[in-house]
Amino acid sequence: MPTASPGLRTYEDIILEYPDLDVRRGVVYDDAALLRSWFIDATLEDVTRISALRFGPQSTPLLSWCVSRGLTSAARRLAFVDPDVADVRGRTALIVACRLGCLESVDSLLEAGADTHAVCLDGLTAYAHALSVGCGAAAARVGPPAPPLTDSPER
């Protein structure tokens, strides 16, 4: 069991704080107990520790879960821990935000350094996902992927 410095909460402390969480192997199956208000007073250490939580059978990272539920302030804080964390299908929070048209989350993720060239298992980038759902504003923010570098033929 991990130990923590005095005053810092452990992963176990967070789980105990939310008794309604159904956690199996580090994956959260019941999101009802995770409240927006928790992020208002959470320290960076708290946010870093809880960022490892994952939700449901797709093992959705907490960051993507917050983006998909419109918890933009929580997503903004989590983005600075790891903006490129992905689910089992390779979908990052930026891909989720682009698919949903969550422009505030797209901006926060870009500010945190999210990789605009990350490709999910479907072979699509955040740009392609945004275009696939008709969200031109999100597509414009992430921009088209750069063309692959090719060696020019020697003369």
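Above this text sits the structure in question.
Scoring rules and cut-offs
Residues numbered from 1 in each chain as written. Predicted model: local features only at pLDDT ≥ 70, side-chain atom pairs only at ≥ 80, totals over all residues. Heavy atoms only, no water. Helix = DSSP H or I, 4+ residues; strand = E, 2+ residues; numbered from the N terminus. Buried < 20%, exposed > 50% of the residue type's maximum accessible area, 1.4 Å probe, protein only. Contact = heavy atoms within 4.5 Å. Areas by Shrake-Rupley, 256 points an atom, 1.4 Å probe, with all protein chains shown as cover. Core = buried A, V, L, I, M, F, W, Y, C linked by side-chain atoms within 4.5 Å. Arc of directions from axis to C-beta. Axes fitted to C-alpha atoms, helices over the stretch in contact; angles between N-to-C directions. Parallel < 35°, antiparallel > 145°, perpendicular 65-115°, else oblique. Left-handed = near helix turned anticlockwise from the far one by under 90°. Nonpolar A, V, L, I, M, F, W, Y, C, P; charged D, E, K, R; others polar. Salt bridge = Lys/Arg side-chain N within 4 Å of Asp/Glu carboxyl O.

Asker: Any details on the overall build of the protein chain? Residues and values, ideally.
Answerer: A count of helical and extended segments in the protein chain gives nine helices and four strands. Listed N to C, the secondary structure of the protein chain is α-β-β-α-α-β-β-α-α-α-α-α-α in terms of helices and strands. Here the protein chain, with 155 residues, has 39% of them falling under the buried criterion. Taking as baseline every contact in the protein chain between residues at least 6 positions apart, the subset at least 24 positions apart corresponds to 61%. As displayed, the protein chain has an accessible area near 8700 Å², and 54% of this comes from carbon and sulfur atoms.

Asker: So what's going on with the environment of Ala74? Residues and values would help.
Answerer: Counting through the fold element by element, Ala74 comes out in helix 5 (residues 72–79). Taking the relative accessible area as the measure of exposure, Ala74 reaches 3% and is therefore buried. The spacing of Ala74 and Val47 is 27 residues in sequence and 8.9 Å in space, taken between C-alpha atoms.

Asker: So what's going on with the nonpolar core? Residues and values would help.
Answerer: Core analysis: the biggest nonpolar cluster contains 32 residues, and Leu63, Cys66, Val67, Leu94, Cys98 and Leu109 have the highest contact counts within it. Listing elements by their share of this core, those giving two or more residues are helix 3 (44–50), helix 4 (62–68), helix 5, helix 6 (93–100), helix 7 (103–111), helix 8 (126–132) and helix 9 (136–142). The element contributing the most residues to this core is helix 6, with six residues.

Asker: Tell me about helix 6, and name the residues and values.
Answerer: The buried fraction of helix 6 is high, at six of eight residues. Every buried residue of helix 6 is accounted for by Ala93, Leu94, Ile95, Val96, Ala97 and Cys98. Looking at the buried side of helix 6, the elements it contacts are helix 4, helix 7, helix 8 and helix 9. Gly101 sits one or two residues past helix 6 and shows a positive phi near 70 degrees.

Asker: Quick one: what's the story with helix 7, residue by residue and with numbers?
Answerer: Buried within helix 7 we find Ser105, Val106, Ser108 and Leu109. Taken around the axis of helix 7, the buried residues stretch over an arc of 165 degrees, which confines them to a single face. Just past helix 7, the residue Gly113 takes up positive phi, approximately 95 degrees.

Asker: Give me the packing of helix 5 against helix 7: which residues, what numbers.
Answerer: The N-to-C vectors of helix 5 and helix 7 enclose an angle of 15 degrees; their axes lie 9 Å apart at closest approach. By the angle between their directions, the pair helix 5 and helix 7 is classed as roughly parallel. Of the two elements, helix 5 crosses helix 7, and the hand of that crossing is right-handed. Where helix 5 abuts helix 7, its residues Thr72, Arg76 and Ala79 lie against Glu104, Ser105, Ser108 and Leu109. Across the contact of helix 5 with helix 7, the residue classes break down as two nonpolar, three polar and two charged.

Asker: Go over the pattern of salt bridges with me, naming the residues and quoting the values.
Answerer: Applying the stated rule across the entire model yields four salt bridges. With its nearest N and O atoms 2.5 Å apart, the salt bridge here joins Arg89 to Asp122. Here Arg89 is found in the loop between helix 5 and helix 6, whereas its partner Asp122 is found in the loop between helix 7 and helix 8, with 33 residues between them in sequence. Arg89 sits in the partly exposed class, given a relative accessible area of 29%.

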